[in-house]
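Chain by chain, the residues run as shown.
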Amino acid sequence: MRKFLLRRLIFTLVSVVGATLIVFVLSRMAGDPMVLYADPEGYGMDAEQIAAIRSSLRLDEPLIIQYVYWFAGLARGDLGRSIVANRPVSQMLWERAGATAQLAIAAWLVATVVGIPLGVLSAVKRGTAWDYIGRTFALFGQATPTFWIGIMGILIFSVYLGWLPSALRGDGFRINHFILPTLTVSTAAMAGYLRITRSSMLEVLDSEFVKLARAKGVSRVKVIWKHTFRNALIQPITVSAILFANFITGITVAEVVFAWPGLGSLMLTAVWNNDFPVLTGTVLVFVVIYMALNFVADMLYVVVDPRIRYS
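Everything in this summary refers to the structure shown in the same document. (Residues numbered from 1 in each chain as written. Predicted model: local features only at pLDDT ≥ 70, side-chain atom pairs only at ≥ 80, totals over all residues. Heavy atoms only, no water.)

A count of helices and strands for the chain gives 14 helices and zero strands. Reading the chain from its N terminus to its C terminus gives the helix and strand order α-α-α-α-α-α-α-α-α-α-α-α-α-α. Buried positions account for 39% of the 311 residues belonging to the chain. Taking the intrachain contacts of the chain between residues at least 6 apart in sequence as the baseline, contacts between residues at least 24 apart amount to 72%. A total of about 17,300 Å² of accessible surface is found on the chain, and carbon and sulfur atoms cover 67% of it. (Helix = DSSP H or I, 4+ residues; strand = E, 2+ residues; numbered from the N terminus. Buried < 20%, exposed > 50% of the residue type's maximum accessible area, 1.4 Å probe, protein only. Contact = heavy atoms within 4.5 Å. Areas by Shrake-Rupley, 256 points an atom, 1.4 Å probe, with all protein chains shown as cover.)

Structural data, given as structure tokens:
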């Protein structure tokens, strides 16, 4: 177990370094940040003032040295300051993290509570109308772009019917503001859970021990939920981290479509403004969350299947 934890820690560190370094390099390829931050003609700055700002941002250092300084600051809990807002990046991330966390948790609950039972139903009712409805939903749910789902939701439920607000988070915790963004984000994950759960359930339902349980007279409900469902959960847990990667993409799109004040919209604004400290900080947060959930999924294997041991 100790060796496994050490390997995962090293893998997480390598992933964080790799992801943030790639973003660091790509952000510099977009152009010199000083053009956006301190244009001499637009702001009346002379060459000395621009040189001082460039030195304070360490833009006069080689790229790898800039990254080393950034990573050293990360070890101290300092993610730098936003070029556009001139505020600490950690403070900006903390202000937006709550909105993203609320939307992500709500979408994950909807995707799990709806997607997995629908996958079980589709497998148990194989070849029936329920099965075809579930498979059709899984197909269109994973193929339809998130932004299109959000825009169509606004058009139907906000513009035509007037049932739900079209944007913004609202003051406090208002459920009506969460419905459209949550369904928009959770649709792809819901369809993914449905497809994977159905496939895994069908594989277990055709196994010999399930046939033996039925031959011994075990009730249908017990066969499905005790013998089949628990063994079929391993595959959905395996892909849960991959589905969460789609969650990150979906949340970013949904936050832009619904003007949701979260990390996704903050990251996209940083891309537009070439605000590389904010961009690198948001990527760091998403990578750490992804790796943490991937680790939790590995730990859940032991709970679902006691035969699995990390040694």
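This next bit is on the pattern of salt bridges. Under the counting rule described, the total for this entry stands at three salt bridges. Between Arg135 and Asp131 there is a salt bridge; the shortest N-O distance is 3.5 Å. Highlighted residues: Arg135 and Asp131, both in helix α7 (residues 129-143), separated by four residues, approximately one helical turn. Take Asp131: its relative accessible area is 1%, and that puts it in the buried class. Because the salt bridges share partners, they merge into one network encompassing Asp131, Arg135 and Arg198. (Salt bridge = Lys/Arg side-chain N within 4 Å of Asp/Glu carboxyl O.)

What follows deals with the nonpolar core. Ranked by size, the top nonpolar core spans 35 residues in total, and within it Val185, Met201 and Phe229 carry the most contacts. Per-element tally for this core: the top contributor is helix α9 (residues 175-205), with 11 residues. Ranked by size, the runner-up nonpolar core spans 21 residues in total, among them Val16, Met92, Val283 and Phe286. (Core = buried A, V, L, I, M, F, W, Y, C linked by side-chain atoms within 4.5 Å.)

With that settled, the discussion passes to the packing of aromatic side chains. Scanning the model with the defined rule gives five aromatic pairs in all. Ring centres of Phe178 and Trp260 lie 5.0 Å apart, and the angle between their planes is 80°; on these two criteria the pair is classed as edge-to-face. Note that Phe178 is positioned in helix α9 and Trp260 in the loop between α12 (234-257) and α13 (263-273), a separation of 82 residues in sequence. The class for Phe178 is buried, based on a relative accessible area of 5%. Judged by its relative accessible area of 1%, Trp260 is buried. A network of ring pairs unites the aromatic residues Tyr67, Trp70 and Phe71 as a single cluster. (Phe/Tyr/Trp six-rings, centres within 6.5 Å; stacked < 30°, edge-to-face > 60°.)

With 15 residues, helix α8 (residues 146-160) ought to run about 21 Å at 1.5 Å a step, and its terminal C-alpha atoms sit 20 Å apart, in line with that. Buried residues of α8: Ile149, Gly150, Gly153, Ile154 and Ser158, and no others. Within two residues after α8, Gly162 carries a phi angle of roughly 70°, on the positive side. (Expected span 1.5 Å × (residues − 1).)

Take the environment of Ile289 next. When you line up the elements, Ile289 lands in helix α14 (residues 276-304). Look at Ile289 and you get partly exposed, because its relative accessible area is 33%. Once the C-alpha coordinates of Ile289 and Ile248 are considered, the two residues, 41 residues apart in sequence, prove to be 9.8 Å apart.

On the surface, a nonpolar cluster with roughly 720 Å² of combined accessible area is contributed by Leu155, Ile156, Phe157, Val159, Tyr160, Leu161 and Trp163. With respect to the helices, strands and loops of the structure, Val159 is situated in helix α8. Under the relative-accessibility criterion, Val159 is labelled exposed at 53%. (Patch = residues over 30% accessible without salt bridge, like charges linked within 9 Å, V, L, I, M, F, W, Y side chains within 5 Å.)

Attention shifts here to empty space enclosed by the protein. What the rule picks out here adds up to one cavity of 30 Å³ or more. Space inside the largest cavity adds up to approximately 40 Å³. If you trace the largest cavity, you find it lined by Leu164, Pro165, Ser166, Ala167, Leu168, Asn176, His177, Leu180, Pro181 and Phe258. Of the residues that constitute the lining of the largest cavity, the class distribution is seven nonpolar, three polar and no charged. (1 Å grid on protein atoms, 1.4 Å probe; cavity = no way out; pocket = protein on both sides within 12 Å on 5 of 7 lines; lining within 4 Å. Points joined across faces, edges and corners; volume = space filled by probe spheres on them. Nonpolar A, V, L, I, M, F, W, Y, C, P; charged D, E, K, R; others polar.)

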